[in-house]
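# Topology and contacts: notes
Listed here are the chains, written in short residue letters.
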Amino acid sequence: MQLFSLKGRTALVTGASRGLGFAMAEALAQAGAHVMLNGRDARTLGGAVDRLADKGHSVGAARFDVTVAAEREAGVAAILAERGRLDILVGNAGVQHRSPLAEWREEEWARVVDANLTSCFFLAKAVAPAMRDNGYGRIVFTTSITGITGRETIHAYVASKTGLAGLTRSLAAELGRDAITVNSIAPGYFKTEMNEKLLADTAFVDKINARIALRRWAEPRELGGAAVFLASEAGAYVTGHQLVVDGGMTSTLTM
């Protein structure tokens, strides 16, 4: 048995049109999985699928909005109808909102929490029966180091990612008896589209680099290995865990 092989497995990666989601989808496909990429925009999603298909990977598109219950449930059902199984869920789709506390509105808070936390709970609920029936399941959520360290102005994001880490543990406790592992990956600072405004601020970039043991922001592809580990036999006895991938930012004192 090849520990890191995903040959014969079917994976769903949400928010996979770009950034960290695309990087994890590509890594899973490279390991042999058939990967269904999820996104809301058909054009952007189609481009991502084509990029991986052009490299010879086995991929497909699963266009739906993770925050809409009917779309979410239909999307999972369609994958099961087409593939007959769903072994791996990477719950990665998420949104961000930045405002000082006094300027936050309830609808902004709800939008972030629905996308980052609530959707992951109900996606897990939707995929668990098929995983249970097949005797194999890997659920991986994307959390964040901001759920460990906190950061001003992104209160809903921090709260949702902290809640997602807790959800990881509670689902792991319930689903372990069904051979389903549930883990999360907490990325540090990565060069993604979501961080474009931050990356344009050279003073901020330098400040962050000074706090990272490796002294640099990560490339999206550097998250792929963690996803493959947790999705494969290599991570078979790891569950309820949050794997931090941050270049040492939260584990070392560099300033």
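See the structure above.
Residues numbered from 1 in each chain as written. Predicted model: local features only at pLDDT ≥ 70, side-chain atom pairs only at ≥ 80, totals over all residues. Heavy atoms only, no water.

## Re the overall build of the chain
Broken down by element type, the chain carries nine helices and seven strands. A principal-axis box enclosing the C-alpha atoms of the chain has dimensions of 50 × 40 × 40 Å. Here the chain holds 255 residues, and 50% of them are scored as buried. Looking at the chain alone, contacts between residues at least 24 apart form 74% of all its contacts between residues at least 6 apart. (Helix = DSSP H or I, 4+ residues; strand = E, 2+ residues; numbered from the N terminus. Buried < 20%, exposed > 50% of the residue type's maximum accessible area, 1.4 Å probe, protein only. Contact = heavy atoms within 4.5 Å.)

## Let's talk about the sheet that holds strand 1 (residues 10-13)
Taken together, seven strands build an open sheet; the order of strands is 3-2-1-4-5-6-7 and the sheet is parallel. Single-partner strands in this sheet number two, and they are strand 3 (59-63) and strand 7 (242-245). On average, adjacent strands in this sheet sit at an angle of 20° to one another, irrespective of strand direction. Of the strands in this sheet, strand 4 (88-91), strand 5 (137-142), strand 6 (180-187) and strand 7 touch helix 9 (residues 224-231), which is tilted by about 165° from strand 6. (Pairing = 2+ DSSP bridges. Axes fitted to C-alpha atoms, helices over the stretch in contact; angles between N-to-C directions.)

## Here we look at the pattern of salt bridges
The full count for this structure, using the stated rule, is nine salt bridges. Two residues, E233 and R9, come together in a salt bridge whose shortest N-O distance is 4.0 Å. Taken as a pair, E233 in the loop between helix 9 and strand 7 and R9 in the segment before strand 1 lie far apart in primary sequence, 224 residues in all. Here E107 and R105 are joined by a salt bridge, their closest N and O atoms 3.0 Å apart. You can call R105 partly exposed: its relative accessible area is 47%. In the salt-bridge network here, residues are joined through shared partners; they are R9, R85, D87 and E233. (Salt bridge = Lys/Arg side-chain N within 4 Å of Asp/Glu carboxyl O.)

## Looking at the nonpolar core
Membership of the largest hydrophobic core comes to 32 residues, with the highest contact counts inside it found for L28, V35, L37 and I185. Put simply, the parts of the chain that give this core at least two residues each are strand 1, helix 1 (19-30), strand 2 (34-39), helix 2 (42-53), strand 4 and helix 9. It is helix 1 that provides the largest number of residues to this core, a total of seven residues. Among residues more than four places away in sequence, those in contact with V35 are A11, V13, A25, L28, A29, S58, V59 and G60. (Core = buried A, V, L, I, M, F, W, Y, C linked by side-chain atoms within 4.5 Å.)

## Some words on the packing of helix 1 against helix 9
The contact between helix 1 and helix 9 brings their axes to 8 Å, and the two run at 55°. The angle between helix 1 and helix 9 places the two elements in the oblique class. Our pair here, helix 1 against helix 9, has a crossing hand that is right-handed. Two secondary-structure elements touch here, helix 1 through A23, M24, A27 and L28 and helix 9 through G224, A227, V228 and A231. The residue inventory of the contact of helix 1 with helix 9, partitioned by class, reads seven nonpolar, one polar and no charged. (Parallel < 35°, antiparallel > 145°, perpendicular 65-115°, else oblique. Left-handed = near helix turned anticlockwise from the far one by under 90°. Nonpolar A, V, L, I, M, F, W, Y, C, P; charged D, E, K, R; others polar.)

## Examining the packing of aromatic side chains
Within the structure shown, the criterion is met by five aromatic pairs. Summarising the aromatic geometry, the rings of F204 and W217 are spaced 6.4 Å apart at their centres and angled 70° between planes, so their arrangement reads as edge-to-face. Of this pair, F204 sits in helix 8 (residues 202-211) while W217 sits in the loop between helix 8 and helix 9, and the two are 13 residues apart along the sequence. Ring pairing ties together the aromatic residues Y189, F204 and W217, which thus form one cluster. (Phe/Tyr/Trp six-rings, centres within 6.5 Å; stacked < 30°, edge-to-face > 60°.)

## Looking at the packing of helix 1 against helix 2
One way to put it is that helix 1 packs onto helix 2 with a least axis distance of 11 Å and a crossing angle of 30°. The orientation of helix 1 with respect to helix 2, classified from their angle, is roughly parallel. Here helix 1 and helix 2 pass one another in a crossing that is right-handed. Residues F22, A25 and E26 of helix 1 pack against A48, R51 and L52 of helix 2.

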